[in-house]
Amino acid sequence: MDSPTSSEQLTNYSELIRTLLSKIEVLVNDNNADEAQPFLGTLNTELKQWCESSEGPSAEQLELIQLRINTILVNANSAKNESSKAIIKHKKSGKAIKAYKASR
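Residue positions are given per chain, counted from 1 along the sequence in the order it is written. Since the coordinates come from a predicted model, pLDDT governs what is reported: local features require at least 70, and pairs of side-chain atoms require 80 or more to be given and counted, while whole-chain, interface and lining totals use all residues. Water and hydrogen atoms play no part in the side-chain values, which are based on all heavy atoms of the structure.

**Observations regarding a positive patch on the surface**
At step 1: Residues K91, K92, K95 and K98 make up a contiguous surface patch of positive charge.
At step 2: Among the structural elements, K92 can be located in helix α3 (residues 59-103). Note that patches include only residues with greater than 30% relative accessible area and no salt bridge, and the join distances are 9 Å for like charges and 5 Å for nonpolar side chains (Val, Leu, Ile, Met, Phe, Trp, Tyr). Areas reported here follow the Shrake-Rupley algorithm with a probe of radius 1.4 Å; residue values treat only the protein chains shown as occluding. Whenever a carboxyl oxygen of Asp or Glu lies within 4 Å of a side-chain nitrogen of Lys or Arg, that contact is scored as a salt bridge. Counted charges follow a simple rule, with Lys and Arg positive, Asp and Glu negative, and His plus the chain ends left uncounted. Note that the charge is assigned to NZ on lysines, CZ on arginines, CG on aspartates and CD on glutamates. Going along the chain from the N terminus, every DSSP run of H or I of four or more residues is numbered as a helix, and every run of E of two or more is numbered as a strand.

Written out as structure tokens, the structure reads:
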């Protein structure tokens, strides 16, 4: 079996990184960010290997990857903030109901 050429390795890493980012993005958008942890570990490992390979990513490719990661983080933080607001609202509603019942 032939070993992959450097351009094939570049494509393999690029595709793998793109696939991992897509999986992470889907999990975050579906409010399942906790399930993304294994993919984040794999992403970190693969990015490191790619950067250390003889045909590492270009600066432009790294910038695009960073932009995508930042977008995913913004979406994750937004979802986290919305969840926090909903929890606080729920707790306040529960306290108001208890106070109302206690006053009757």
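Back to the text.
**Describing the pattern of salt bridges**
At step 1: This structure, assessed with the given rule, holds 3 salt bridges.
At step 2: E25 serves as the salt-bridge partner of R68, at 3.0 Å between the closest nitrogen and oxygen. Here the residue R68 occupies a position in helix α3, and E25 occupies one in helix α1 (residues 6-29), the gap between them amounting to 43 residues.

**A closer look at the packing of aromatic side chains**
At step 1: Within 6.5 Å between ring centres, the rings of Phe, Tyr and Trp (the latter by its six-membered ring) count as paired, and their orientation is classed by plane angle as stacked under 30 degrees, edge-to-face over 60, tilted in between. For the structure shown, the criterion picks out 1 aromatic pair.
At step 2: When the centroid spacing of 6.0 Å and the interplanar angle of 10° are considered together, the rings of Y13 and W50 count as stacked. Of this pair, Y13 sits in helix α1 while W50 sits in helix α2 (residues 37-52), placing them 37 residues apart in sequence.
At step 3: Categorising residues by exposure relies on relative accessible area from a 1.4 Å probe, with only protein chains included: less than 20% of the type maximum marks a residue as buried, more than 50% marks it as exposed, and the intermediate range marks it as partly exposed. Residue classification places W50 among the buried residues on the basis of a relative accessible area of 1%.

**Let's talk about unusual backbone geometry**
Both trends apply: most residues other than glycine have a negative phi, and most peptide bonds are in trans.
At step 1: We note that N31 has phi near 60°; this positive angle belongs to a residue other than glycine.
At step 2: Since its relative accessible area comes to 59%, N31 is described here as exposed.

**Let's talk about the confidence of the model for the protein**
Low-confidence regions, as indicated by low pLDDT, have predicted coordinates that should not be scrutinised in detail.
At step 1: Looking at any residue, its pLDDT shows the predictor's confidence there, from 0 to 100. Mean pLDDT over the protein stands at 84; residues scoring 70 or higher make up 88%.
At step 2: Per-element mean pLDDT across the protein ranges from 83 in α3 up to 93 in α2.

**Points about α2**
At step 1: Multiplying 1.5 Å by the residue count of a helix minus one yields the expected span of that helix. Helix length check: α2, at 16 residues, gives a terminal C-alpha distance of 23 Å against a target of 22 Å (1.5 Å per residue), a fit within 8%.
At step 2: Buried within α2 we find L43, E46, L47 and W50. Seen from one end, α2 has its buried residues packed into an arc of 105°, which puts them on one side. Away from the buried face of α2 by more than 90 degrees, exposed residues Q37, P38, N44, K48 and E52 are located. The arc in question is the one spanned by the directions pointing from the helix axis to the C-beta atoms.

**A word on the side chain of E46**
At step 1: Counting through the fold element by element, E46 comes out in helix α2.
At step 2: One buried charged residue, E46, remains without a salt bridge, the closest side chain of opposite sign being K23 at 12 Å.
At step 3: We call two residues contacting when some pair of their heavy atoms lies within 4.5 Å. In this structure E46 touches Y13, L16, I17 and L20, once residues within four positions along its chain are discounted.

**Comments concerning the nonpolar core**
At step 1: Only buried residues count toward a nonpolar core. Its members are Ala, Val, Leu, Ile, Met, Phe, Trp, Tyr and Cys residues joined through side-chain atoms within 4.5 Å. The biggest cluster of nonpolar side chains holds 13 residues, and the ones touching the most others in it are I17, L21, I24, L43, L47, W50 and I65.
At step 2: Where this core is concerned, the elements lending two or more residues are α1, α2 and α3.
At step 3: Once residues lying within four places of it in the same chain are set aside, the contact partners of L43 are I17, L20, L21, I24 and I69.

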